[in-house]
Amino acid sequence: MIKRLAVIGVGLIGGSLALALKKNGQVAQVIGYARSEAVRHEALQLGIIDEAAASIADAVQQADMVFVAVPMGAMAAVLAELAPYVNEKTIITDGGSAKQQVIEAAKASLGSLFPNFVPGHPIAGTEKSGPSAAFAELYEAHRVVLTPTSETRHDALEQVQQMWQQVGADVFVMDAEQHDVVLAATSHLPHVLAFNLVGMLAQRDDCEAVLRYAAGGFRDFSRIASSDAIMWRDICLGNREAVLDLLQQYRAGLAQIEAAIRTGDGDYLSTFFNQAKQARDSRF
Ligand code: NAD
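Residues numbered from 1 in each chain as written. Predicted model: local features only at pLDDT ≥ 70, side-chain atom pairs only at ≥ 80, totals over all residues. Heavy atoms only, no water.

Colleague: How would you summarise helix α6 (residues 154-166) if you had to cite specific residues and measurements?
Modeller: Over its 13 residues, α6 extends 18 Å from the first C-alpha to the last, a length consistent with the 18 Å expected when each residue adds 1.5 Å. Buried within α6 are the following residues: A156, L157, V160, M163 and W164. The buried residues of α6 all sit within an arc of 125° when viewed along its axis, so they share a single face. Just downstream of α6, G168 is the residue with a positive phi angle, here 90°. (Helix = DSSP H or I, 4+ residues; strand = E, 2+ residues; numbered from the N terminus. Expected span 1.5 Å × (residues − 1). Buried < 20%, exposed > 50% of the residue type's maximum accessible area, 1.4 Å probe, protein only. Arc of directions from axis to C-beta.)

Colleague: Describe in detail the sheet that holds strand β1 (residues 2-8), supporting the description with residues and values.
Modeller: Strand order in the open sheet made by the six strands is β3-β2-β1-β4-β5-β6, with parallel pairing throughout. Only two strands of the sheet have a single partner each, and these edge strands are β3 (51-52) and β6 (117-118). As paired strands, strand β2 (residues 27-33) and β3 are joined by two bridges and run parallel to one another. Residue G32 lies in a different strand from β3, and its bridge partner there is A52. (Pairing = 2+ DSSP bridges.)

Colleague: If you had to explain helix α7 (residues 176-202) to someone new, which residues and values would you point to?
Modeller: Over its 27 residues, α7 runs 36 Å from end to end, which matches the ideal 39 Å to within 8%, given 1.5 Å per residue. The axis of α7 is deflected most strongly, by about 50°, at A184. For α7, every residue scored as buried is listed here: A176, H179, D180, L183, A184, S187, H188, L189, H191, L193, A194 and L201. Looking at where α7 begins, the residue whose side-chain oxygen comes 3.2 Å from the main-chain nitrogen of E177 is D175. (Bend = angle between axes of the 7 residues up to and from the residue. Polar contact = N/O pair within 3.5 Å; in protein donor to acceptor, adjacent residues only side chain to side chain.)

Colleague: Describe the site of the ligand, and please don't skip the residues or the numbers.
Modeller: The environment of the ligand is formed by 28 residues, the closest being L12, I13, V70, S97 and G130. Residue V10 places a main-chain N or O atom 3.2 Å away from an oxygen atom belonging to the ligand. In this structure, an oxygen atom belonging to the ligand sits 2.7 Å away from a main-chain N or O atom of V70. When the ligand sits alone it has 830 Å² of accessible area, and the protein chains cover 89% of it. Broken down by secondary-structure element, the contributors of at least two residues to the shell around the ligand are α1 (12-23), α4 (72-82), β7 (120-123) and α10 (229-238). With four residues, the top contributor of residues to the shell around the ligand is α4. (Near = heavy atom within 4 Å. Areas by Shrake-Rupley, 256 points an atom, 1.4 Å probe, with all protein chains shown as cover.)

Below, the structure is given as structure tokens:
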């Protein structure tokens, strides 16, 4: 049981963890901080937090567990701000979508308390954001990846693992570098593709006429282009190398499809599409 949980960033990810732990009776008190007072007030009103802190220092000082769930671009500043106010008993964890960047920031800020930091990433979410998007069931039967370093305290890792299991998640431990490549492939690249498709169509003069005829397939493919722009800007920049590598691979594949269409190479197209279909059908 967590006595006092501090949630920095009470949006979809932070808010849902707080609601889930409360629902399951796994936390006695949740104190929350978000940059804007309106968001803190909203989180209080929605019962996500029991107390709104006026500063990061106030939020973390008495906490036994700190969960940082701000956009990736704010992680380093938040970790630097909280560092002077945590002690050797405080466990600090996060929900950021790219792990190597957060680990570097935590190492730089936390100094001798870096072993208390357990890097994490819940593989769960929706295209919605803010406190009103949070719900207690978000993590049920979803994966959470923890990417401890060689310095991470074993007992801290165990407690964070337990916290996620208590909200119904399946916890996996993975190396941060591997995590960043895997997530670039399965999440970051698909978001870039969806943003690019919708953005490209939106710039066409006949956009309205084109989108009027968009049906289920377009809706499915484009749903994630409705995700928060700042969050995805930060993820692309935060996982730059892996995203760039995959974009290059993707462009090479697209060039082959383009060449096949140009030359009328139907065999290439049907073989390739069929391989992709089989790969998908065998997994979902
Ligand atoms: P969100 O926009 O719903 O919530 C972010 C919260 O952080 C908001 O309460 C906002 O007020 C607060 N905030 C922003 N800047 C801040 C700052 N400088 N200091 C303090 N608070 C600040 O976003 P989210 O979807 O909950 O994402 C949070 C983190 O979780 C991100 O790092 C994201 O990469 C990661 N994540 C998101 C998803 C997803 O699908 N949305 C999934 C897994 C992980």
